[in-house]
Amino acid sequence: MAKKKVVLAYSGGLDTSVMLKWIQEQYESDVISVTLDVGQGKDMEAIEEKAWKLGVLNHYSIDAKEEFVSGYVVPAIKANALYMDTYPVSSSLSRPLIASKLVEVAEKEGAQAVAHRCTGKGNDQVRFDITIKSLNQDLEVIAPVREWNMTRDKEIEWAKEHGVPVPVTADSPYSVDQNLWGRSIECGVLEHPDVEPPSEVYEWTAPIEETPDEPEYVTIGFEEGAPTSLNGVKMSTLELIEKVQIIAGKHGVGRIDHMEDRIVGLKSREVYEAPAATVILKAHADLEKMVLTRHEKLFKRHVDHEWAVLTYTGLWMDPLKEALDAFIDKTQERVMGEVKLKLFKGNAQVVGRSSPFSLYDLSLATYDIDTTFDQKAAVGFIELWGLPTVTAWTLKKKAKAAPLLHA
Ligand code: ARG
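Let me begin by describing the structure that accompanies this report. Bear in mind that the values here come from a model prediction, so they are computed numbers and not experimental data.

1. Regarding the sheet that holds strand β3 (residues 58–63)
The sheet built from five strands is open, its strands ordered β3-β2-β1-β4-β5 with parallel pairing. The two strands at the open ends of the sheet, each matched to only one other strand, are β3 and β5 (140–142). Across the sheet, the mean angle from the axis of one strand to that of its neighbour is 25°, orientation sign disregarded. Here strand β1 (residues 4–9) pairs with strand β2 (residues 29–37) via six bridges, running parallel. Bridging from a neighbouring strand, L8 pairs with S33 of β2. Along the sheet face, helix α1 (residues 14–26) touches β1, β2 and β4 (113–115) and points at about 175° away from the line of β1.

In structure tokens form, the structure reads like this:
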């Protein structure tokens, strides 16, 4: 009988390498490995070579950076996506993309199952499983880490016994997940929320103590909500993100340390570096304030919040997200223009903005005598606007003066 085929999301790290062998041996299956480049900055060729050495039936190296940007990061920018007002959902965004590629490969290869390295405590398992199941109900999802109960030491021992190369860096106490939208660092001393993250956890951002003593300005141009120019030079959003990442990181912008509510009910302390996301999201949100009406803005806040929660909680595939995207895309038609930011000592401060769709009208807003705003109209407006409040207080005063009979 032919062996079962399992498609594995393979990063080239120790965990997924052990998993590769584990699936071959424990599940007596053939493994097809898939590695996506979502801008994590790893050597794709070295990863592929490692996979072949571990005896895969086939391997797929997929450069998914452009697709990640256009299909996932840009929608997140348009939605001002920050989970709990803080985390730019960087890891959350990559999961549905990786999952959809696993399904694509599984269907092409006629595999019966797909496998990922998520633990049973995290958010990522939820995102992978729901996306995979939505796209193909017949595929089995295997997550050995949820079952194998190996400590780090046991895993290294198992690796050595089964010919899995153990990298010298295997003793890093941290679990890192990174892509072009952000970098997440977990585990080790970071599990103690009262302890400041040691500087060694940061790789993309300079410590404030070492940032330049001169501020640096960047101007980000947007077209229909997507960033498309930097300092007046048009470029792809991918290139722009890569450039801003470096500039903002140099100024120590984008370190995030917060308490996060996970999908599975736990609270966890999460540390991120997201220099480009921090700058771009700030710029985008500022531009929206200039071009959207007050009513659009107030309503969009709720939509944006829902969008971030759906994305974080693994419901990228839910039809609600598609419906929210339709609303958001409509609002973005006028999100055009430029936002200037000042980067200095860990801060990204918006210092200017302009747009052909600006609703700001100087002749209305100016305090100069020469204004088109009719100040006399304010009197009647205030009377009606405040009517419910003033009415309530009139009653309250009366009640105080003449207490109710039965009181
Ligand atoms: N807390 C983040 C999320 O749920 C990051 C998860 C992955 N991080 C990691 N270091 N393995 O989206």
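2. Quick notes on the state of the cysteines
Disulfides are covalent bonds that connect the sulfur atoms of two cysteines. Per the stated rule, a full pass over the model turns up zero disulfides. Note on C118: no disulfide assigned, nearest cysteine sulfur contributed by C187 at a separation of 13 Å. Look at C118 and you get buried, because its relative accessible area is 9%. On the accessibility criterion, C187 (28% relative accessible area) is partly exposed.

3. Examining the sheet that holds strand β9 (residues 226–230)
Sheet architecture is open: five strands sit in the order β10-β9-β8-β13-β14, paired in antiparallel fashion. Of all the strands in the sheet, the pair left with one neighbour each is β10 (233–234) and β14 (347–354). As judged from the two bridges shared by β9 and β10, these two strands associate in the antiparallel manner. The residue bridging S229 from the neighbouring strand is K234, located in β10. The strands that helix α8 (residues 237–250) touches are β8 (216–223), β9 and β13 (337–344); relative to β9, the one it contacts most, it runs at about 70°.

Rules used throughout
Residues numbered from 1 in each chain as written. Predicted model: local features only at pLDDT ≥ 70, side-chain atom pairs only at ≥ 80, totals over all residues. Heavy atoms only, no water. Pairing = 2+ DSSP bridges. Helix = DSSP H or I, 4+ residues; strand = E, 2+ residues; numbered from the N terminus. Axes fitted to C-alpha atoms, helices over the stretch in contact; angles between N-to-C directions. Contact = heavy atoms within 4.5 Å. Disulfide = S-S within 2.5 Å. Buried < 20%, exposed > 50% of the residue type's maximum accessible area, 1.4 Å probe, protein only.

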